[in-house]
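One-letter residues, chain by chain:
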Amino acid sequence: MEKVYKMLIINPGSTSTKIAVYENQAPLFEEKLAHSIEELAHFNKLADQLDFRREVLETALKGRNISFGELDGIVSRGGLTRPVESGIYEINELMVSELKTGKYGEHASNLASMIAFELSKKYGLPCWIADPVVVDEMQDIARFSGIPQLQRKSIFHALNQKAVSRRVAGDMGKKYDECNFVVAHLGGGISVAAHKKGKCIDVNNALGGEGPYSPERAGGVSAFGLIDMCFSGDYTKDDLKKLLVGKGGLTAYLGTNDGREIEAMIKNGDKNAEAVFNGMAYQVAKEIGAAATVLHGELDAIILTGGLAHNKDFVTFIENMVKYIGSVVVYPGEDELLALAESGYRVLSGQENARKFRTCIQ
């Protein structure tokens, strides 16, 4: 009989914290803990939210009669640290210190490991992250940018891309490291990656201004135009960063990043909304073509995943542009909680060893 392992899963967003308790790969419950703007407003830095979010999480578990004593481990989403190879990592002091200082960037995902580490110390539980956004397996030739001081970086939706790739490979009767895929994660940010035999050898920097625009990110923009904006006196540094990430893309054009609102606008005959939405699909398809070139056209499938993959019109637009390259497989949604639970189960069941953070890429 299969042994049952019970895990707490933690995945924070900017104004919410998604939590779940899984038994092996089956959820006992999943819950989104909302945090109002008013509650978060008095925190100066992201790291200052640590105790507040931890206490909300503990209260939620208590309300569901879940005790930490019955858990076997904690798995959290990984944040912005130094680059690492793909895998599952034990959360340690070094990792948490990098996240608290924001040395490699500020993002809500940074809070996940901080919360997990505090709970780990308090309740004596092991804790891990899996395939954080800073997974770096890029081939050396892909790192050149044209300016030596601005080397290309690998920052993408590694957790979902890797998990979905494993599932698609399994559906094909293969292992992930036997396949070549182009994977497009279509969410609030968009990342399109070339996966070759189990490694992501090239990908657009989904946070730092490469690739397609997305519901809230600008993607690749004119460098000269951006320089002019920087020195115009009309914007602060913070203004421009928010325009690139948070207030760019669909938000900049249409005033919303909500796909349902935009769908309604298009159905009501808003031609501008339709053009902007199709423009995003067009850019995704172009990026898929570029990633296929990286794989010399030798790929087992093109995978579309993420929240936008639920939109049939969006998927159809992309598919009509890229189906000549290879078969298109659609796995809508993100399933990050499941992906984290699958990773924790592999460690607890002895199928995979957790790595030490200090052994990662420097």
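For the structure, check the block above.
Bear in mind that the values here come from a model prediction, so they are computed numbers and not experimental data.

Procedures and definitions
- Residues numbered from 1 in each chain as written.
- Predicted model: local features only at pLDDT ≥ 70, side-chain atom pairs only at ≥ 80, totals over all residues.
- Heavy atoms only, no water.
- Helix = DSSP H or I, 4+ residues; strand = E, 2+ residues; numbered from the N terminus.
- Buried < 20%, exposed > 50% of the residue type's maximum accessible area, 1.4 Å probe, protein only.
- Areas by Shrake-Rupley, 256 points an atom, 1.4 Å probe, with all protein chains shown as cover.
- Lys, Arg positive; Asp, Glu negative; His and termini not counted.
- Charge placed at Lys NZ, Arg CZ, Asp CG, Glu CD.
- Expected span 1.5 Å × (residues − 1).
- Contact = heavy atoms within 4.5 Å.
- Pairing = 2+ DSSP bridges.
- Axes fitted to C-alpha atoms, helices over the stretch in contact; angles between N-to-C directions.
- Core = buried A, V, L, I, M, F, W, Y, C linked by side-chain atoms within 4.5 Å.
- Parallel < 35°, antiparallel > 145°, perpendicular 65-115°, else oblique.
- Left-handed = near helix turned anticlockwise from the far one by under 90°.
- Nonpolar A, V, L, I, M, F, W, Y, C, P; charged D, E, K, R; others polar.
- Salt bridge = Lys/Arg side-chain N within 4 Å of Asp/Glu carboxyl O.

### Some thoughts on the overall build of the chain
A count of helices and strands for the chain gives 12 helices and 11 strands. Counting only C-alpha atoms and orienting by the principal axes, one finds that the chain spans roughly 55 × 50 × 45 Å. Scored against the burial criterion, the 362 residues of the chain give a buried share of 50%. Summing over all exposed atoms, the chain offers an accessible surface of approximately 17,300 Å²; the carbon and sulfur share of this is 51%. Each charge sign in the chain was given a centre, from 41 positive and 47 negative side chains, and these centres are 3 Å apart.

### Examining helix α4 (residues 110-123)
With 14 residues, α4 ought to run about 20 Å at 1.5 Å a step, and its terminal C-alpha atoms sit 21 Å apart, in line with that. Of all 14 residues in α4, 10 are buried, a share of seventy percent or more. Buried within α4 are the following residues: N110, L111, A112, S113, M114, I115, A116, F117, L119 and S120. Buried residues along α4 sit in contact with β1 (6-12), α2 (50-63), β4 (73-77), α3 (93-101) and β6 (127-130). Taken from the residues just after α4, G124 is the one with a positive phi, measuring 70 degrees.

### Quick look at the sheet that holds strand β10 (residues 301-306)
Taken in spatial order, the 5 strands make up an open sheet running β9-β8-β7-β10-β11, and their pairing is mixed. With one partner strand each, in any of the chains shown, β9 (199-203) and β11 (328-332) form the two edges of the open sheet. In this sheet, neighbouring strand axes are inclined to one another by 25 degrees on average, regardless of whether the strands run parallel or antiparallel. Relative to β9, strand β8 (residues 190-196) runs antiparallel, the two sharing 4 bridges. By the bridge assignment for β9, A194 is matched with D202. Set on the sheet, helix α5 (residues 158-171) makes contact with β7 (180-186), β8, β9, β10 and β11; between it and β7 the angle comes to about 130 degrees. Each of β7, β8, β9 and β10 is contacted by helix α10 (residues 271-294), which is oriented at about 20 degrees to β8, the strand it contacts most.

### Things to note about the nonpolar core
Ranked by size, the top nonpolar core spans 42 residues in total, and within it L8, L57 and L61 carry the most contacts. Residue assignment for this core shows that the elements contributing at least two residues are β1, β2 (16-23), β3 (26-34), α2, α3, α4, β6 and β9. The dominant element in this core, judged by the number of residues it contributes, is α4, at 6 residues. If near-sequence neighbours (up to four positions away) are discounted, L57 is found in contact with L8, I10, I19, L33, F68, I115 and L119. Formed by 33 residues, the second largest nonpolar core is a distinct cluster that contains V192, V276, A285 and V328.

### Some thoughts on α2
Taking 1.5 Å per residue as the helical rise, α2 with its 14 residues ought to reach 20 Å, and the 20 Å between its terminal C-alpha atoms agrees with that figure. Every buried residue of α2 is accounted for by L50, F52, R53, R54, L57, E58, A60 and L61. Immediately downstream of α2, the backbone of N65 shows phi near 60 degrees, a positive value.

### What about the packing of α3 against α4?
For the pair α3 and α4, interaxial distance at closest approach is 9 Å and the crossing angle is 135 degrees. Classified by the interaxial angle, the pair formed by α3 and α4 is oblique. Our pair here, α3 against α4, has a crossing hand that is left-handed. Between α3, through E93, M95, V96, L99 and K100, and α4, the contact on the second element is made entirely by N110, S113, M114, F117 and E118. Tallied by class, the residues present in the contact of α3 with α4 amount to 5 nonpolar, 2 polar and 3 charged.

### A look at the pattern of salt bridges
Counted by the stated rule, this structure contains 23 salt bridges. For the salt bridge of K242 with D238, the shortest nitrogen-to-oxygen distance reads 3.3 Å. Placement of both K242 and D238 in helix α7 (residues 237-244) is noted, with a separation of 4 residues, approximately one turn of the helix. Here D238 falls in the partly exposed class, since its relative accessible area comes to 43%.

### Remarks on the sheet that holds β2
Strand order across the open sheet formed by 6 strands is β3-β2-β1-β4-β6-β5, with mixed pairing between neighbours. Each having just a single partner strand, β3 and β5 (88-90) make up the two edges of the open sheet. Averaged over all neighbouring strand pairs, the angle between strand axes comes to 25 degrees, with direction disregarded. Pairing geometry for β4 and β6, over 4 bridges, is parallel. Residue pairing for β6: S76 is matched across the bridge by I129. Against the sheet, α4 touches β1, β4 and β6, its axis set at about 165 degrees to β4.

Keep in mind these values describe shape, not function.
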